[in-house]
Every structure is written in C-alpha cells, then in structure tokens.
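A structural walkthrough
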Amino acid sequence: MLEEWQTSWKNGDTGRKIYNIMPSVSLRPTNWIREDVIFFSQHGSFPAFLKRFRLSDSHYCSCGGIGTALHYATECIYTVSWHMRKLAPNFEQEWLKRVANNLVSRQRIRGIIKFMSENRYLFRPP
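Since the model is a prediction, treat every value here as computed from it, not as a measurement.

Reading guide: rules and limits
- Residues numbered from 1 in each chain as written.
- Predicted model: local features only at pLDDT ≥ 70, side-chain atom pairs only at ≥ 80, totals over all residues.
- Heavy atoms only, no water.
- Salt bridge = Lys/Arg side-chain N within 4 Å of Asp/Glu carboxyl O.
- Helix = DSSP H or I, 4+ residues; strand = E, 2+ residues; numbered from the N terminus.
- Buried < 20%, exposed > 50% of the residue type's maximum accessible area, 1.4 Å probe, protein only.
- Contact = heavy atoms within 4.5 Å.
- Phe/Tyr/Trp six-rings, centres within 6.5 Å; stacked < 30°, edge-to-face > 60°.
- Lys NZ or Arg CZ within 6 Å of the ring centre and 35° of its normal.
- Patch = residues over 30% accessible without salt bridge, like charges linked within 9 Å, V, L, I, M, F, W, Y side chains within 5 Å.
- Areas by Shrake-Rupley, 256 points an atom, 1.4 Å probe, with all protein chains shown as cover.
- Disulfide = S-S within 2.5 Å.
- Core = buried A, V, L, I, M, F, W, Y, C linked by side-chain atoms within 4.5 Å.
- Axes fitted to C-alpha atoms, helices over the stretch in contact; angles between N-to-C directions.
- Parallel < 35°, antiparallel > 145°, perpendicular 65-115°, else oblique.
- Nonpolar A, V, L, I, M, F, W, Y, C, P; charged D, E, K, R; others polar.

**Considerations on the pattern of salt bridges**
Across all of its chains, the model carries four salt bridges by this definition. The residue Asp36 makes a salt bridge to Arg106 at a minimum N-O spacing of 3.5 Å. Of this pair, Asp36 sits in helix α3 (residues 34-41) while Arg106 sits in helix α7 (residues 103-118), and the two are 70 residues apart along the sequence. The burial state of Asp36 is the same as that of Arg106; both residues are buried.

**Details of the side chain of Arg110**
Position of Arg110 relative to the elements: it lies in helix α7. Judged by its relative accessible area of 10%, Arg110 falls in the buried class. Not counting residues up to four positions away in its chain, the partners in contact with Arg110 are Asn31, Ile33, Glu35, Asp36 and Leu103.

**Topic: the packing of aromatic side chains**
Under the definition given, this model contains six aromatic pairs. Here the aromatic residues Trp32, Phe39 and Phe40 are joined through ring pairs into a cluster of three or more. Across the ring face of Trp9, the terminal group of Arg16 is positioned such that the distance to the ring centre comes to 5.1 Å. The positively charged end of Arg16 is found above the aromatic ring belonging to Tyr19, 4.4 Å away from the centroid.

**Here's the deal with the environment of Asp13**
Looking at the secondary structure, you find Asp13 in the loop between α1 (2-11) and α2 (16-21). Along the primary structure Asp13 and Ser105 are separated by 92 residues, whereas in three dimensions their C-alpha atoms are 28 Å apart.

**Things to note about the side chain of Ser105**
Considering the arrangement of structural elements, one finds Ser105 in helix α7. Residue Ser105 is classed as buried on the basis of its relative accessible area, which comes to 14%.

**A word on a nonpolar patch on the surface**
Among the surface-exposed residues, Leu2, Trp5 and Leu27 lie close enough to one another that they form a single nonpolar patch of about 340 Å² accessible area. With respect to the helices, strands and loops of the structure, Leu2 is situated in helix α1.

**Topic: the state of the cysteines**
Under the definition given, this model contains zero disulfides. For the unlinked cysteine Cys61, the closest cysteine sulfur is that of Cys63, found at 3.6 Å. The thiol of Cys76 is not disulfide-bonded; the next cysteine sulfur, from Cys61, is found 3.7 Å away. The class of Cys76 is buried, set by a relative accessible area of 0%.

**Focus on the nonpolar core**
Counting residues in each nonpolar core, the largest one holds 25 residues, and the members touching the most others are Phe39, Phe40, Phe46, Tyr72 and Trp95. Elements that contribute at least two residues to this core include exactly α2, α3, α5 (69-74), α6 (92-100) and α7. Not counting residues up to four positions away in its chain, the partners in contact with Phe46 are Ile38, Phe39, Gly67, Thr68, Ala69, Tyr72, Ile113 and Met116.

**Details of the packing of α3 against α7**
Where α3 meets α7, the axes come as close as 9 Å, and the angle between the chain directions of the two elements is 90°. Considering the angle they form, α3 stands roughly perpendicular to α7. Across from Glu35, Asp36, Ile38, Phe39 and Phe40 in α3, the residues of α7 making contact are Arg106, Ile109, Arg110, Ile113 and Lys114. Here the contact of α3 with α7 is composed, by residue class, of five nonpolar, no polar and five charged.

Right under this line is the structure:
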C-alpha cells in the first residue's frame, strides 16, 4: 500500500509544492498545523495566489511587492517581526525544505500567517 501511495505521490500533478519539500510518503505524522500547510502549499490569502485563481485583480501586496508566501517571510514591511534570511536566487526549494524542517522557522511562519489572517486589511493591493 505504501509503495502504491508513493508511486501516486511521485507521479501526481497536484501538491507539487509540498512534494518538493516532502518527496516521500510516510505513516509518521508531520506535526504540521494549518498555518504550515497554508505557507508551504502557498494556498492562502496571498495576493499572488488569489490573482492566479481570479479571486483578486492584483498580485501585489499593499507594500508594493508581489504577494507570495516568500515575500511575507523575507521582505514585506508588514511582517518584518518574523522575517528570515532572504534566500539566494535559484535556491527556493532548498530554503523551503530547511524552513519546513526547523521548528523555530516554522514558528515564525505560523506568526506571519496568523498576523495576516488577523489583519487582512493591511495586505490588500494598493
């Protein structure tokens, strides 16, 4: 059963952002909570995600940057309290894997997502 699940996960066309972080299936729980899933799947109230699905007219954050999960984790002026070191170009997947496997980093991510949820008005496009 695990082998079949792994094959399905490897060859599927959905969940690729999570697959790039966790390429192997496991019966062991990940201990991810809602905020972790929102950030790592990049499916949430991020302007870039909302624009992609035509739920918003703009992919910009109100600070002027493109509103992706990484924008909020590394450069947005509204989430500076939780910022992490900006990733090197072309190393997004490695950065995401490191953050996903580091509890302190995940705590920061959770803080960003909770703050965004409680202060949605701040993140609307200009």
